[in-house]
Every structure is written in structure tokens, then in C-alpha cells.
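This is what each chain is made of:
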Amino acid sequence: MTDIALLDADEQAPLEGVIKGEVLRMYQEVAEHPEGEFHFYHGRQAAELFGYEREWLDRAPPGAVASFAGVGNPHLRSRLHAGETVLDLGSGAGLDSIIAAWQVGPTGRVVGVDLNPTMCRKAEAHAAASGVRMACHEGRMEDIPLPDASVDIVISNGVINLSFRKRTVIRELFRVLKPGGRLSITDIVSAKQLSQSIVNDPKLWAS
Amino acid sequence: MFALLEEAGFTRVRSTIVPGFAFRKESTRDAAEGYGVKAVLFTAQKPAT
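Residues numbered from 1 in each chain as written. Chains lettered and ligands numbered in written order. Predicted model: local features only at pLDDT ≥ 70, side-chain atom pairs only at ≥ 80, totals over all residues.

Caption draft 1: Quick peek at the sheet that holds strand 2 (residues 38-45) of chain B. Ordered by their spatial adjacency, 7 strands build an open sheet running 3(A)-2(A)-1(A)-4(A)-5(A)-2(B)-1(B), and the pairing between neighbours is mixed. Each edge of the open sheet is held by one strand with a lone partner, namely strand 3 (135-138) of chain A together with strand 1 (11-17) of chain B. The average undirected angle you get between the axes of adjacent strands in this sheet is 15 degrees. Relative to strand 3 of chain A, strand 2 (residues 109-114) of chain A is paired through 4 bridges, and the arrangement is parallel. (Pairing = 2+ DSSP bridges. Helix = DSSP H or I, 4+ residues; strand = E, 2+ residues; numbered from the N terminus. Axes fitted to C-alpha atoms, helices over the stretch in contact; angles between N-to-C directions.)

Caption draft 2: Up close: the interface of chain A and chain B. Every contact between the two is made by 34 residues of chain A and, on the other side, 28 residues of chain B. Broken down by secondary-structure element, the contributors of at least two residues to the side of chain A that touches chain B are helix 7 (166-176) and strand 5 (177-189) of chain A. For the side of chain A that touches chain B, the element with the most residues is strand 5 of chain A, which contributes 12 residues. When its residues are assigned to classes, the side of chain A that touches chain B shows 19 nonpolar, 8 polar and 7 charged. Two strands pair when backbone bridges link them, and strand 5 of chain A and strand 2 of chain B are joined in this way by 8 bridges, in the antiparallel orientation. Note that in strand 2 of chain B the partner of L183 of chain A across the bridge is A44 of chain B. (Contact = placed C-beta atoms within 7 Å. Nonpolar A, V, L, I, M, F, W, Y, C, P; charged D, E, K, R; others polar.)

Caption draft 3: Region of the structure containing unusual backbone geometry. Residues other than glycine seldom take positive phi values, yet A149 of chain A does so here, at roughly 45 degrees. With respect to the helices and strands, A149 of chain A occurs in the loop between strand 3 and strand 4 (151-157). Positioned with a positive phi, R12 of chain B is a non-glycine residue whose angle comes to about 50 degrees. Take R12 of chain B: it is sitting in strand 1.

Here you go:
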């Protein structure tokens, strides 16, 4: 939620590694045990709260809906068109990718990027069960494994706040977008600088 | 985030607060409110040229 200007480089690297591990653990837990209790609302309850169309949620695989852990609805302003190439940054269990794939149609393409290879395979399986294709690449949002100017639109849902290097992430989004490309992302922001105790707490950062 | 998008070169940057977002656990929700934590929908465009 904040840049970590309070830490020097020697302190930053190990903490970043711990937080990466906690992020992986927490979101894998949501995917594998969606019946669990978390700091955030998730699943169908959260998706309906954010205005996801019921038709989408009825049509998508139950596993993709149950594992939804977004913080809003990037589809409200995405204005996707048939044939477009979409990057879903932090694609998780794949619900947003599947919804995007329905909109861009068979001439379009959806590419997911996720830190967790297990989640990538799960998202691809959910997409296949929905009758659409997505290709998910394991990778870091600070170093997106896609060429320059290769996507028409980036969608993302509650992911960028998890990075220690938000400036780098935003530059990467700019790099992979084609000229005239656009983004529609929902994320968490804070009005005040977070305390050092929160920054240093991987569980709080990951939530 | 808004400033970072503009700094990177994006134009037509817009932000809208996501209605209804809240943390589920009361303790997290209270802490988040203290820091002005909100969910926001951002849109922006990379210049065409």
C-alpha cells in the first residue's frame, strides 16, 4: 500500500522475500480452501458486492468464483472489444481472465501473469472448463514476462498493492501496452503512510 | 497510484472509489479506516504516439 522509503536496501531485500512467501501462501490458501475465513471478503459474496453480473458468476466454474479475491470490478470500465489482447496481472484462479475472454471472443487473447505457478495451472483449467483459452505465465509483476507493446489492455484486481516496488510495476504496465492501449485496475490505496510495524508484518501486508 | 500512473506517462488517468469495499475482520477494518484505506478503480491510457 505504500513505498518502503523507510527501509534501507539491506533491510528491504529479506523483508521483500518474506512478504512474497506470505502472499503466495495466503492466496493459495484462498484457492485451495475458499471456505476458510480471511481478512477480506472473497468468493461469490465479494464478486456480487462489486457488481459482477450474476450471469457471469453462474456461468463460470464454481472453483474460479469461490476463489475470487479481488477488491473491485475492473470490468466496469474495461470496454473490451472482440479481437483484443488482454493482460490479467495477478490472474489468480482466473475469474477475471474468463470474463475478459468471453468479451474478446475467439479472435482475442487473454494472457495471465501470476507469481504462483499452481494458480496459473488452475486458472488455465478453469478457463478451459469455461470454453475459453487463456495462457498464464508464472512471473513477477515487477518484471512482466511479455514483450514491449504486446497487449491492448491491462486488467488487474487487488494485486499491485502487494508489491514493494509499485513504481516499477506501473512502468512495466506502460511498457507492455501498445500505443493507445489502456488499463482498468482496481486496487487498495491508503491516504496515510503506513506505520513501520505494518510494513514489517508480512501477514498484514499480504492481506 | 494516481501520481505513479501520470509519472509513467499515462494520460486520461481517472480514479473512482469502489463502493462497498471493506475488510471482513473488524480489527483489520478499524486499522484500515485509520489509515484511510480504500479500494479504487483506476483507468488510464498510454498515448497513441
